Amino acid sequence: MINLKKILSFTRFKKKKDGVFYAKMEALLGYSPKTLSFYSEAFTHPSYQYDKTKRKSYERLEFLGDAILGAVIADYIFKNAPEQDEGYLTKMRSKIVERRYLNELGKEMRLLDFLRTKLPPKQLGNNITGNLFEALIGAIYLDKGYGECMRFIERKLIKPYINIKNLEDKILSHKSLLIEWCQKHKLTFSFDTDEDKEDRSGAKYFVSKIYVEGFSVTKARATSKKKAEENAAKRACYKIQGKHKNLIQ
């Protein structure tokens, strides 16, 4: 026999729980959500649900939000840099939607506080807050449309943080900058990156050494090959810049 009392009790609990989440989303967004399930999905980690056939997580919304964010930023740069060419516009967009930048924004918005997950924070990865920001944009798009997405991105990202003139001097990748400089001056270069066998901490580290014209320029150590090479390139750029003013541009 169906226990009606339990069903009603569960329903009241679910409504109360949804009400708390609704209030949190309203405070975060600055408006009243129309379809709460979109935002619930945006803050659900794949680990939270075990049934893969019914599983919904932020990942699909992240894909959608990434595309919409790129379109909004492209529109903003296009209108605010009318004299610039396609290469400049592309570079500026890449600087604005850089993963590290979005991660910081997601942290400032405390998006991790809304995430439903079975994993401890250390296992969520370094990009989780940026991923959640993009998923949130995807949810806004489905709930309120492109116009509301544009207003949200302007309010949270563009107006408080974006200045095109300042971004012009921002270096997106020291590795790319170093490679461009070497190619410009017809210098041979190479990255020698291997796992740090001498490390005894138990963690996995990599050491990257940079050679220009066969000479060792600098080296750096990090938890991934990509980070080690970027850190080494950054040191090399500063080293070259110190010896040759305005050489790297």
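All of these numbers come straight from a predicted model, not from anything done at the bench.

The rules behind the values
Residues numbered from 1 in each chain as written. Predicted model: local features only at pLDDT ≥ 70, side-chain atom pairs only at ≥ 80, totals over all residues. Heavy atoms only, no water. Helix = DSSP H or I, 4+ residues; strand = E, 2+ residues; numbered from the N terminus. Buried < 20%, exposed > 50% of the residue type's maximum accessible area, 1.4 Å probe, protein only. Contact = heavy atoms within 4.5 Å. Areas by Shrake-Rupley, 256 points an atom, 1.4 Å probe, with all protein chains shown as cover. Core = buried A, V, L, I, M, F, W, Y, C linked by side-chain atoms within 4.5 Å. UniProt positions renumbered as here; feature names shortened; annotations may be inferred. Polar contact = N/O pair within 3.5 Å; in protein donor to acceptor, adjacent residues only side chain to side chain. 1 Å grid on protein atoms, 1.4 Å probe; cavity = no way out; pocket = protein on both sides within 12 Å on 5 of 7 lines; lining within 4 Å. Points joined across faces, edges and corners; volume = space filled by probe spheres on them. Nonpolar A, V, L, I, M, F, W, Y, C, P; charged D, E, K, R; others polar. Domains from an automatic or database assignment. Axes fitted to C-alpha atoms, helices over the stretch in contact; angles between N-to-C directions. Parallel < 35°, antiparallel > 145°, perpendicular 65-115°, else oblique. Left-handed = near helix turned anticlockwise from the far one by under 90°. Arc of directions from axis to C-beta.

Trainee: Is there a simple way to think about the overall build of the protein chain in this case?
Mentor: When helices and strands are tallied, the protein chain shows 10 helices and three strands. The helix and strand sequence of the protein chain, counted from the amino end, reads α-α-α-α-α-α-α-α-α-β-β-β-α. For the protein chain, with 249 residues in total, the buried portion stands at 37%. Sequence separation of at least 24 residues holds for 54% of the intrachain contacts in the protein chain that already meet a minimum separation of 6. Of the accessible surface of the protein chain, which amounts to about 16,100 Å², a share of 53% is contributed by carbon and sulfur atoms.

Trainee: Help me out: how do you make sense of the nonpolar core in this one?
Mentor: Among soluble globular proteins, nonpolar side chains are generally buried collectively. Core analysis: the biggest nonpolar cluster contains 44 residues, and Met25, Tyr39, Phe43, Leu111, Phe133 and Leu136 have the highest contact counts within it. Every element with two or more residues in this core is listed here: α1 (4-29), α2 (36-42), α3 (58-80), α4 (86-96), α5 (99-108), α6 (128-144) and α7 (146-161). Sequence-distant contacts of Phe133, defined by excluding residues within four places in its chain, comprise Leu69, Leu102, Leu105, Met109, Leu111 and Phe152. In terms of nonpolar packing, the next biggest core, distinct from the first, is built from 13 residues, Ile210, Val212, Ala232 and Ile240 among them.

Trainee: What am I meant to see in the UniProt feature "active site" (unreviewed entry) in the protein chain here?
Mentor: Cross-referencing UniProt, the feature "active site" (unreviewed entry) maps to Asp66 and Glu134 in the present numbering. These annotated residues cover 69 residues of sequence, but their C-alpha atoms sit close together, with the largest distance between any two at 5.4 Å. Looking at where Asp66 falls in the secondary structure, it is placed in helix α3. For Glu134, the position within the fold is in helix α6. The exposure class assigned to Glu134 is buried, which follows from its relative accessible area of 2%. The residues contacting Glu134, other than those within four sequence positions of it, are Leu61, Glu62, Gly65, Asp66, Leu69, Arg99 and Leu102. Within the structure, Glu134 has its side chain in polar contact with the side chain of Arg99 (distance 3.1 Å).

Trainee: Mind showing me how you'd approach the layout of surface pockets here?
Mentor: One way to see where empty space is left: roll a probe the size of a water molecule over the atoms. Estimated volume of the largest pocket: approximately 710 Å³. Lining the largest pocket are 20 residues, with Glu98, Arg100, Lys226, Lys227 and Glu230 sitting closest to its centre. Of all the secondary structure elements, the ones that give two or more residues to the lining of the largest pocket are α5, α9 (174-184) and α10 (225-243). No other element matches the six residues that α10 contributes to the lining of the largest pocket. Broken down by class, the residue content of the lining of the largest pocket amounts to two nonpolar, seven polar and 11 charged. Domain assignment of the residues forming the lining of the largest pocket places at least three in each of domain 1 (17-169) and domain 2 (174-245).

Trainee: Looking at this model, I keep getting lost on the packing of α5 against α7. Mind explaining?
Mentor: Each packed pair of helices is defined by two parameters, the angle between the axes and the distance between the axes. Packing of α5 against α7 brings their axes to within 12 Å, and their N-to-C directions diverge by 115°. Regarding the angle of α5 to α7, the classification is roughly perpendicular. Two packed elements cross with a definite hand, and for α5 against α7 that hand is right-handed. On α7, the residues touching Tyr101, Leu105 and Glu108 of α5 are Lys156, Leu157 and Tyr161. Here the contact of α5 with α7 is composed, by residue class, of four nonpolar, no polar and two charged.

Trainee: Where do I start with α5 in this structure?
Mentor: Because an α-helix completes one turn every 3.6 residues, residues spaced three or four positions apart along the sequence face the same direction. Considered for burial, the residues of α5 that qualify are Leu102, Asn103, Leu105 and Gly106. Taken end-on, α5 shows its buried residues confined to a sector of 165°, consistent with a single buried face. In α5, those exposed residues whose orientation departs by more than 90 degrees from the buried face are Arg100 and Lys107. Check the buried side of α5 and you find it contacts α3, α4, α6 and α7. Once α5 ends, the next one or two residues include Arg110, with phi positive near 55°.

Trainee: Looking at this structure, how should I read unusual backbone geometry?
Mentor: If you check the backbone angles, Arg110 has positive phi at about 55° while not being a glycine. Residue position: Arg110 is located in the loop between α5 and α6. Of note, the phi angle at Glu213 is positive, near 55°, even though the residue is not glycine. You can see Glu213 is positioned in the loop between β2 (206-212) and β3 (215-222). Of the residues examined, Glu213 reaches a relative accessible area of 39% and is grouped as partly exposed.

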